[in-house]
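One letter stands for each residue in the lines below.
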Amino acid sequence: MQQESIYNLIPKEYVPPSKEPMYRSAYPNGLVPTASTFNNHTTSRPKVNNINGDFELVKGPHTHKGQSNSLGKIKGSYKPDATLFRMKNTGTMGSNQLPEIQSFKYPQSCKAAVPKKDEKPIHGLKSNKNFIVTNAVENILSAPKQVTEEKDWTEKKDYGKVPDYLTKIQSSINNEYEIIRNMHMNEADERDKQKYLMTLEEVERLKLGLKKKWESVNKEYQTITHIRMIDTVGLKRKKEQCEKELALLEKDIEKLNKNYVFIDTQK
């Protein structure tokens, strides 16, 4: 029995298949298809041609199709013209000179050469090696693997210490907080400078002036309240103005009754 090998494959001689005869249709090539609408617009026939599917159509005063109503030009228009040929120096390159002929060289390949037809491989090689026993012997005689000692990270010099970059970041944050705190303190000092604490004598003097003002406005208001019918616009506005002034004076006197009275110097 012949052993299977790629070198035993002998190429067979190629026998080309016989060429079939050229197909020729049994129908005429210039026949209009059945119920065709591709007709000439100038014909006296209706717009649908060859309804019966006849081979020979009745010729009328007009043809069923135009001269160029097909997939191309009319027959005979593709004949070459003997006067239209390529002249000298009229090509796309501007010259009819061919480039110099250079010898072809294959690129240098690093692949191994293909074996020749005489270099057949050796078939039927077998090994008597017992791989199970060999593997067991190799594992028994092999040296044990060395276990690397794990590094104790707690023995490092900088273990438990804060890194330098964290201390720098913390110091920059503290500086920013200090700047913001100083800004708030300066703003508070500026607001305090705008306030003025009144003394007790000044408060009593101001109270006395407001009370006198309240008595004068109240006296004027009492003259209006005894009138039964306030039928004029002037008296009505005067009464409303006195009521507003009395209410405002009472609020101011009530504010002066506090222990400390401050005045805003900016207003």
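Procedures and definitions
Residues numbered from 1 in each chain as written. Predicted model: local features only at pLDDT ≥ 70, side-chain atom pairs only at ≥ 80, totals over all residues. Heavy atoms only, no water. Helix = DSSP H or I, 4+ residues; strand = E, 2+ residues; numbered from the N terminus. Buried < 20%, exposed > 50% of the residue type's maximum accessible area, 1.4 Å probe, protein only. Contact = heavy atoms within 4.5 Å. Patch = residues over 30% accessible without salt bridge, like charges linked within 9 Å, V, L, I, M, F, W, Y side chains within 5 Å. Areas by Shrake-Rupley, 256 points an atom, 1.4 Å probe, with all protein chains shown as cover. Salt bridge = Lys/Arg side-chain N within 4 Å of Asp/Glu carboxyl O. Axes fitted to C-alpha atoms, helices over the stretch in contact; angles between N-to-C directions. Parallel < 35°, antiparallel > 145°, perpendicular 65-115°, else oblique. Left-handed = near helix turned anticlockwise from the far one by under 90°. Nonpolar A, V, L, I, M, F, W, Y, C, P; charged D, E, K, R; others polar. Core = buried A, V, L, I, M, F, W, Y, C linked by side-chain atoms within 4.5 Å. Polar contact = N/O pair within 3.5 Å; in protein donor to acceptor, adjacent residues only side chain to side chain. Lys, Arg positive; Asp, Glu negative; His and termini not counted.

### Regarding the overall build of the protein chain
Then step 1. In terms of regular secondary structure, the protein chain is built from 4 helices and 2 strands.
Then step 2. From first element to last, N terminus to C terminus, the protein chain shows the α and β order α-α-β-α-α-β.
Then step 3. Burial statistics for the protein chain: of 267 residues in total, 9% are counted as buried.
Then step 4. Contacts spanning at least 24 positions in sequence make up 48% of the contacts within the protein chain whose residues lie at least 6 apart.

### Focus: a nonpolar patch on the surface
Then step 1. A contiguous nonpolar patch, built from V162, Y165, L166, I169, I173, Y177 and I180 and spanning about 670 Å² of accessible area, is present on the exposed surface.
Then step 2. Along the chain, V162 turns up in the loop between α1 (131–141) and α2 (164–194).

### Quick notes on the pattern of salt bridges
Then step 1. One pass over the full model with this rule turns up 2 salt bridges.
Then step 2. The residue K238 makes a salt bridge to E220 at a minimum N-O spacing of 3.2 Å. Here the residue K238 occupies a position in helix α4 (residues 233–255), and E220 occupies one in helix α3 (residues 200–225), the gap between them amounting to 18 residues.

### Remarks on the packing of α3 against α4
Any two packed helices are characterised by how steeply their axes cross, that is the angle between the axes, and by the distance between the axes.
Then step 1. Packing of α3 against α4 brings their axes to within 9 Å, and their N-to-C directions diverge by 155°. As the angle between them shows, α3 and α4 are arranged roughly antiparallel. Pair α3 / α4 crosses with left-handed handedness. Contact residues: L210, K211, K213, W214, V217, N218, E220, Y221 and I224 in α3; L235, K238, K239, C242, E243, E245, L246, L249, E250, D252 and I253 in α4.
Then step 2. The residue inventory of the contact of α3 with α4, partitioned by class, reads 10 nonpolar, 1 polar and 9 charged.

### Some remarks on the nonpolar core
Then step 1. Formed by M198, V203, L210, V217, Y221, C242, L246, L249, I253, L256 and V261, the largest nonpolar core amounts to 11 residues.
Then step 2. Going through the elements one at a time, α3 and α4 are the ones with two or more residues in this core.

### With respect to α1
Residues spaced three or four apart along an α-helix face the same direction, because each turn holds 3.6 residues.
Then step 1. Little of α1 sits out of view: just 0 of its 11 residues are buried.
Then step 2. Its side-chain oxygen placed 3.3 Å from the backbone nitrogen of I132, N130 serves as the N-cap of α1.

### Description of the side chain of K207
Then step 1. Among the secondary structure elements, K207 is positioned in helix α3.
Then step 2. Lacking a salt bridge, the buried K207 has E204 as its closest oppositely charged neighbour, with an N-O distance of 4.3 Å.
Then step 3. In terms of polar contacts, K207 uses its side chain to reach the side chain of N257, at 2.9 Å.
Then step 4. Those residues in contact with K207, other than ones at most four positions away along the chain, are L256 and N257.

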